[in-house]
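Summary of the model geometry
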Amino acid sequence: MRSSSPLPRMSRRGRVTIGVLVGVFVLFTLLGWGVQAWTDWLWFDEVRYTQVFTGVLATRLLLFLAVGLGMAVIVGGNLWLAHRLRPRMRPHSPEQATLERYRMLLSPRLGLWIALVAGVVGLFAGLSAQSRWNQWLLFRNGGDFGVEDPEFGVDIGFYVFQLPFWRYLLGVGFTAVVLSVVGALAVHYIFGGVRLQGVGDRMTNAARAHLSTLVAFFVLLKAIAYVLDRRAMLLEYNDGANVYGAGYADVNALLPAKEILAYISIVVAIAIIVFSNAWMRNLVWPGISLALLGVSAVAIGGIYPWAVQTFEVKPSAKEKEAPYIDRSIKATRAAFGLESVTTTPYAANNLTPPASLATDTSVVPNIRLLDPQLVSETYTQRQQVRQFYDFGEKLDVDRYAVNGKVQDYVVGLREVNYRQLTPQQNTWINRHTVYTHGYGLVAAPGSRVVCGGQPFFVSGFLGDPQEQQKQQQGQAQTNEQCAAQTEQVPAKQPRIYYGERMDEGDYAIVGQTDPERKAEFDRPVGEGGESYTYTGEGGVEIGSFTRRLLYAIKEQESNFLLSDAVNDNSKLLYVRNPRDRVEKVAPFLTLDGDPYPAVVDGRIQWIIDGYTTAATYPYAERINLQEQTADELTGRGTFQLARENVNYIRNSVKATVDAYDGTVRLYEFDETDPVLKAWNKAFGGDLVVPKSETPVELAEHFRYPSDLFKVQRNLLTRFHVTDPGDFYSAQDFWQVPNVPDAPDTGQKQPPYYLFTQFPGQESPRFQLTSAVTPNGRENLAALISGSYVDGQPKLEVLDLPDQTRVSGPVQVHQSMTQNGNIRQQLNLLQSAQAQVQYGNLLSLPFGDGMLYVEPVYVKTAAQNAPPLLQRVLMSYGDGGSYVVLANNVADGIKQLVEQGKQAAAPGAPPPTGGTPPGGTPPALTGELAEAANRVQTAITEVRAAQTSGDFERYGRALKALDEALTAFQRAQQAATAPTPGATPGATPSGSPPASPAASGSAAPTPSG
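Please read all numbers here as calculations on a predicted model, not as lab measurements.

1. So, the overall build of the chain
Helices and strands together make up the secondary structure of the chain, namely 27 helices and 34 strands. In the chain, buried positions account for 54% of the 1008 residues. With the model as given, the accessible surface of the chain reaches about 44,400 Å², and the carbon-plus-sulfur share is 54%.

2. What to know about helix α25 (residues 889-904)
Taking 1.5 Å of rise per residue, the 16 residues of α25 would be expected to cover 22 Å, and the 22 Å separating its terminal C-alpha atoms lies within 8% of that figure. Within the sequence span of α25, burial applies to Val889, Gly892, Ile893, Gln895, Leu896, Val897, Glu898, Gln899, Gly900, Gln902 and Ala903. Buried residues belonging to α25 abut β32 (849-860), β33 (868-876) and β34 (882-886). The distance from a side-chain oxygen at the start of α25 to the backbone nitrogen of Ala890 is 3.2 Å, and the residue carrying that oxygen is Asn888.

3. Notes on the environment of Tyr752
Take Tyr752: it is sitting in strand β26 (residues 752-756). Along the backbone, Tyr752 and Ser770 are 18 residues apart, and their C-alpha atoms lie at a distance of 6.8 Å. Those residues within four positions of Tyr752 in sequence are excluded, and the remaining contacts are Arg368, Gln767, Leu768, Thr769, Asn840, Leu841, Leu842 and Ser843. Polar side-chain contacts of Tyr752 include one of 3.0 Å to the backbone nitrogen of Ser843.

4. Notes on the sheet that holds strand β17 (residues 571-573)
Taken in spatial order, the three strands of this open sheet run β13-β17-β16, and their pairing is antiparallel. The open sheet has two edge strands with one neighbour each: β13 (508-510) and β16 (540-541).

5. What to know about the packing of aromatic side chains
All told, the structure shown has 40 aromatic pairs when counted by the stated rule. A centroid spacing of 5.6 Å and a plane angle of 65° characterise the contact between Tyr551 and Tyr574, whose relative ring orientation is edge-to-face. Of this pair, Tyr551 sits in helix α15 (residues 545-555) while Tyr574 is found in the loop between β17 and α17 (578-585), placing the two residues 23 residues apart along the sequence. The exposure class assigned to Tyr551 is buried, which follows from its relative accessible area of 0%. Take Tyr574: its relative accessible area is 6%, and that puts it in the buried class. The interplanar angle of 20° and the centroid separation of 5.8 Å between the aromatic rings of Phe588 and Phe683 together place this pair among those described as stacked. With Phe588 in the loop between α17 and β18 (590-591) and Phe683 in the loop between α19 (674-682) and α20 (696-699), the pair connects residues that are 95 residues apart, well separated along the chain. Phe683 shares its class with Phe588; the two are buried. Of the aromatic side chains, those joined through ring pairs into one cluster are Trp136, Phe139, Phe165, Trp166 and Tyr168. Its guanidinium or amino end placed over the ring of Tyr532, Arg495 lies 3.9 Å from that ring's centre, counting from NZ or CZ.

6. Points about the packing of helix α11 (residues 322-335) against helix α21 (residues 706-719)
Running from N to C, α11 and α21 cross one another at 160°; their axes reach a closest spacing of 11 Å. Between α11 and α21, the angle falls in the class roughly antiparallel. Of the two elements, α11 crosses α21, and the hand of that crossing is left-handed. Across the interface between the two elements, Ser328, Ile329, Thr332 and Arg333 from α11 touch Leu715, Leu716 and Phe719 from α21.

7. A word on unusual backbone geometry
The phi dihedral of Asn403 falls on the positive side, at around 55°, and the residue is not glycine. Looking at where Asn403 falls in the secondary structure, it is placed in the loop between β5 (396-402) and β6 (405-413). Located in the positive-phi region is Val575, a residue other than glycine, with phi close to 55°.

8. Regarding the state of the cysteines
Tallying each qualifying case throughout the model produces one disulfide. Cys451 shares a disulfide with Cys482; S-S distance 1.7 Å. Since a negative S-S torsion denotes a left-handed disulfide, the Cys451-Cys482 link at about -100° is left-handed. Here Cys482 lies in the loop between α14 (465-476) and β12 (495-496) and Cys451 lies in the loop between β10 (449-450) and β11 (454-455), a separation of 31 residues in the sequence. No difference in accessibility class separates Cys451 from Cys482, as the two residues are buried.

9. Overview of the sheet that holds β6
Overall, antiparallel pairing links the three strands, which are arranged β5-β6-β9 in an open sheet. Here the strands that pair on one side only, and so sit at the sheet edges, are β5 and β9 (441-445). Across the sheet, the axes of successive neighbouring strands diverge by a mean angle of 45°, strand direction being ignored. Note that β5 and β6 share seven bridges and pair antiparallel. Bridge pairing in β6 places Ala401 opposite Val406.

10. Describing helix α23 (residues 809-817)
The periodicity of an α-helix, 3.6 residues per turn, causes residues three or four positions apart to be oriented the same way. When you tally the buried positions in α23, you get nine out of nine residues, the bulk of the element. Restricting attention to buried positions, one finds in α23 the residues Pro809, Val810, Gln811, Val812, His813, Gln814, Ser815, Met816 and Thr817. Looking at the packing, one finds that the buried side of α23 touches β27 (765-774), α24 (820-829), β30 (834-838), β32, β33 and β34.

11. Quick word on the environment of Asn350
Within the secondary structure, Asn350 is located in the loop between β3 (342-345) and α12 (375-383). With 500 residues separating them along the chain, Asn350 and Met850 place their C-alpha atoms 8.1 Å apart. Look past the residues within four positions of Asn350 in its chain and what remains in contact with it is Gly847, Asp848, Gly849, Tyr876 and Gly877. Engagement of the side chain of Asn350 in a polar contact is seen with the backbone oxygen of Gly847, the distance being 3.0 Å.

12. Examining a nonpolar patch on the surface
On the surface, Val16, Val20, Val24, Leu27, Phe28, Leu31, Phe545, Leu549, Ile553, Leu561 and Leu562 cluster together to form a nonpolar patch covering roughly 1,000 Å² of accessible area. Only α1 (12-47), α15 and α16 (559-562) provide two or more residues apiece to the nonpolar patch. For the nonpolar patch, the element with the most residues is α1, which contributes six residues. You can see Ile553 is positioned in helix α15.

13. Brief notes about the side chain of Thr634
Locating Thr634 in the fold gives a position in the loop between α18 (625-629) and β22 (645-646). Among the polar contacts made by the side chain of Thr634, one reaches the main-chain amide nitrogen of Asp631 at a distance of 2.9 Å. Look past the residues within four positions of Thr634 in its chain and what remains in contact with it is Thr629 and Gln640.

14. Concerning the packing of helix α2 (residues 50-84) against helix α5 (residues 133-141)
Each pair of packed helices can be described by the angle between their axes along with the distance between the axes. The N-to-C vectors of α2 and α5 enclose an angle of 100°; their axes lie 9 Å apart at closest approach. Between α2 and α5, the crossing angle belongs to the class labelled roughly perpendicular. Residues Val56, Thr59, Arg60, Leu62 and Leu63 of α2 form the contact with α5, whose participating residues are Trp133, Trp136 and Leu137.

15. Concerning the nonpolar core
Core analysis: the biggest nonpolar cluster contains 205 residues, and Leu666 and Leu851 have the highest contact counts within it. If one sorts the elements of this core by residue count, helix α6 (residues 156-190) sits on top with 15 residues. Those residues in contact with Leu666 that lie beyond four places of it in its chain are Tyr49, Val582, Val585, Ala586, Val653, Lys654, Ala655, Leu687, Val688 and Val689. Phe758, Leu783, Leu800 and Val883 belong to the second-largest nonpolar core, a separate cluster that totals 25 residues.

16. Some points on the pairing of β33
In terms of burial, β33 is a largely internal element, seven of the nine residues being buried. Looking at chain direction, β32 and β33 are connected through eight bridges and run antiparallel. When the bridges of β33 are listed, Tyr852 appears paired with Ser875. Both β33 and β34 contribute to a ladder of five bridges, which runs antiparallel. Paired with Val872 across the bridge in β34 is Ala886. Connecting β33 to the next strand, β34, in antiparallel fashion are five residues, including Gly877 with a positive phi near 95°.

Definitions and limits used
Residues numbered from 1 in each chain as written. Predicted model: local features only at pLDDT ≥ 70, side-chain atom pairs only at ≥ 80, totals over all residues. Heavy atoms only, no water. Helix = DSSP H or I, 4+ residues; strand = E, 2+ residues; numbered from the N terminus. Buried < 20%, exposed > 50% of the residue type's maximum accessible area, 1.4 Å probe, protein only. Areas by Shrake-Rupley, 256 points an atom, 1.4 Å probe, with all protein chains shown as cover. Expected span 1.5 Å × (residues − 1). Contact = heavy atoms within 4.5 Å. Polar contact = N/O pair within 3.5 Å; in protein donor to acceptor, adjacent residues only side chain to side chain. Pairing = 2+ DSSP bridges. Phe/Tyr/Trp six-rings, centres within 6.5 Å; stacked < 30°, edge-to-face > 60°. Lys NZ or Arg CZ within 6 Å of the ring centre and 35° of its normal. Axes fitted to C-alpha atoms, helices over the stretch in contact; angles between N-to-C directions. Parallel < 35°, antiparallel > 145°, perpendicular 65-115°, else oblique. Left-handed = near helix turned anticlockwise from the far one by under 90°. Disulfide = S-S within 2.5 Å. Patch = residues over 30% accessible without salt bridge, like charges linked within 9 Å, V, L, I, M, F, W, Y side chains within 5 Å. Salt bridge = Lys/Arg side-chain N within 4 Å of Asp/Glu carboxyl O. Core = buried A, V, L, I, M, F, W, Y, C linked by side-chain atoms within 4.5 Å.

Below you can see the structure in the form of C-alpha cells.
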C-alpha cells in the first residue's frame, strides 16, 4: 500500500503573515500587561504598600515558573523518553504504513514538537498555579493555632495552612502522571513501541517498562491521597447528624478503610513494576492488581462504611453520633468566636408597662427613631443643595460625645454622584477635573426629630449654620429650631475625595501650577460656588509626559496628553471607593459590606472591618458568606459579599481610608488570630499596625461589624444548643424573623445599632442587636447583641423562656397595625397622596418585660418629597395588650404608663384575658355581663381564625370583635360615668379599651 505524502508546506509569505500577526498580538498583550503592572506599582507606591505588590507578584511568578517548568519537564521528559525507547525495527503491517506519514512529519523536528507540547502544558499549569499564591504564602508562613483536632491530635494549623497546598500539589502530581501516560502512549504507538496489529508482542519491553512505571507512580500518588483523605474526612459533611466532621461510620469504618487502601495501593504499585518487568513481563497480573485495588476501594471504602451507617448507626443515630455532634458544636463555636457568648435568662414575665418607664434615663432617652435607610432621602433633599450630591441609599449609625453626652447619630457623607451630572456637566473636563469631591459629614441625633419630622442636623453645613437654620424653619413654617447653631461634630477637613459613590472609572485629576487658578468646584455659596485646589498627599503624580502617556493608554483617553487641565503639578486620584481601596491593599481579607465614616481627630475617616477566613477548620460548620449575610439591606446601601465558603472567621483588622487623601491603614484588632499573623509575616511583618498603637479616638468609633454579627447570629440559632442529644432533636433551634412590615418577601430582618442598656449591663453601650424566634414560630425566643467592652468583642444572649407569651417582631408589627383604633389613625395618614413607611422595629428589654418601638414615616406623592417621621408606634408586654400611636416617644411612654396604671386599678378589665395585677375585678351583671361575654366569645373566634390560617374568617372575626367592644362600651357608659382626665390612648378606669389591642385581649395576628 502506497504511503501518503507529507503535508504540504506553507508558503513563505503565509509564514511571514502569520508571524507578524502573532507578533502584534504578543506585543499588545505584553503592552497591556506592562501598563497594568506599571500603574499598579505607582498606585501601591502612593499608598505605601509596595510590599504587597512585590510580594504577590513575586509569589505568582515563582509558582508560575516552578509548577510550569516542573510540569513541562515531566511531560516533555516522558515524551522524549518514549521516543528514545522506540524500536529500531518495526514489523511490516498496514498499521505501520499508515503511521509512517506521521513519523515523517514529526521526526525532522521532534525536539521542537516535544518542546511545543511541553510548553503549552507548562503554560496552563503555571497559570493555574499562580492563582494559588495565597495558599503558598500561608503554607510558608503559617504557624500553630495551639488547638488540636479531636481525632488525630494534630494542630489546627496543619489543616488551615498546610493541607490545602498539599492537596493542590497532589492534584498537580496526578495531572502530570496522567498527561505523561497519555503522551507516552501516543508516542509509543506512533513509533511502533505499542502495536494493535502484526505478529508478536503488542508492546515492546521498553514501552511496557515505561508505561507500567508511570502507572505505578499514579497508584503511589493514590496511596498518598488516601493518607490525606483521612485528615480531610474531618472537613466533610456528616449526613447522619447534619453537622460537619467525621461521624461514627467515618471514624469506625471509613477511616481504617482508607488506611488499608493506602497500604494496598503501595503493594499494587510494587506488584505492577515487578510483574510487568522483573518476573512475568506481561500486563495480565498488573491488570489483575489494578482490578483488585478497584474492588477493594469499592468494598472496603464504600460498601463496608455504608453497611455500618445503615445497620448500626441509623437505628440509634442519636446515641452513636452524640460524641461527634459534640465535636462539631465545640469546633463551630471556637471557629466562629462563639465560645465566649454570655447567655443570660430573661423571664420577660411582666406584661404591664411599669411606672419606671417615665423616669428611665438609660433606655428610653436613647431610643433611636431615625431609620438609616428611610432618612437617606431626607438627608438628600434637605442637605443636597446641588443635584449631583448624594448620600447613598442607606446612611450609617455611629456615636459621638457632644457636650459631655454620648448618643448615637445617623451620619452620611455628601458625596458627588457622577451619574447625577446633567449632560452639559458630564464632559470629560467637568467630570474629572471640576466635580472632584463632595463636602461634609452630615450628622443628626438618632433620637430627635424636629420641624415636622425632620432630623436635627448638627454638622456638615455648607455655609452659615444659622442661615441654614432660617431656611429650614421657612420650609417647615415653624419657629422650632431645625438645625444646630454651630458644628457639633466638626471636621477640620470636610472634603470627600474618596467615597462609596465613586466607581472604578470615576478618577479625578487635581493640582494646578498657578495657585490662583482653582478649577475644582468646592461647595455652593449663594447663587454660585467656591472653587478649590487639592493640597493633599494622595494621588499619583502625572506631570511628566511619560506618566501622561502611561495613563492615556491605561484609561484609553487622549485628553491626558491633549488637555490643558493636565499640567506639571497634576495628580491622578483613582481607586476611590474605600472598600475597593482596602481590598487592593489587603487582597487576603474579606471585607465587611457596610463601611462607615467617622470624624477622627478632625478628619473624616472611612472605617472598614476586615475578616480573615479559612475553609478547613476540622469539624466546624461550613457556611456561604453571601447567603448568611443577605437581608433586606443587601445591595441597598450595603455591599453583597462574594460566594465564599468558610468555616472560620475573625474580625482581625480594622482598616481606615482617609476621605481627603486616601491614606490606608490596617490596624490589628484580634491579637490572637494565627491567620493574620501568617499574612503579616508573609508581607514583611509590618503590614498591620499593632493593636496597642491604634489611636484612642479612632478606637472609640469601632463598632461590632454587621456581617460578622449576622454570621454569628445565624449560627447561634442552632449552636446555642450545646447538648448533643438536644442538638440532634433540633427542638430548641431558633430562626431569624423576616422583615416585620413585609414578612411575605422572605427577606430577613437586618440587625440594628442602638446606644442602650440591656439587663445585666452596667451602663448604656453602642451595640448591634437582633431578635430571634423559635424555629417555625413567631413568638420571641431571644435577643442577641454584640458590643465592645474594654476594646474586646462581647456577644450576649438574653434567653427568654420556651413558653413565653412575648411576641416576636412580625407578630408585634401586625398586632400594633391591626389594632382597630390605631388602624383608623394610620388610614388617616395613608391616602392616594401619601404613603406610610415603617422604620426599624426595636425590641428593648425593660422592667422584666419587652418594650417595642416602631417609627412611622409618611412620604407624600409630591416630587422629591422625603419621608418624614409623623408618629411612633409603641407596645409593651406581649406585643398587643398595651399599644399606642403617639406623636413622639415621650407621649407614647406617658400613655403606656397610664395604661399600666389603669390595668392595675381595682375593677379594671383583665389585660389579655388575664387577671389584672390589682386583684380580681368585681363581677359584672345584667347587660354589662352579656356584653362582656360577647367580647370574650369574639376573642375566642379571633384566636381560632388565626390558628386556622383562614384570612377571610380572621377578617370577619376582627370585625365582630370590634362590634362587641363597641357594644360593651355603650353598656359600660350606661352603667358608669367615664373617668375624667384620662390620658389619650389610655382607657378609663373600669372600662375596656376602645380597640382589640388596647383591651388586654389583643387580636392575635395570623402567622405566616
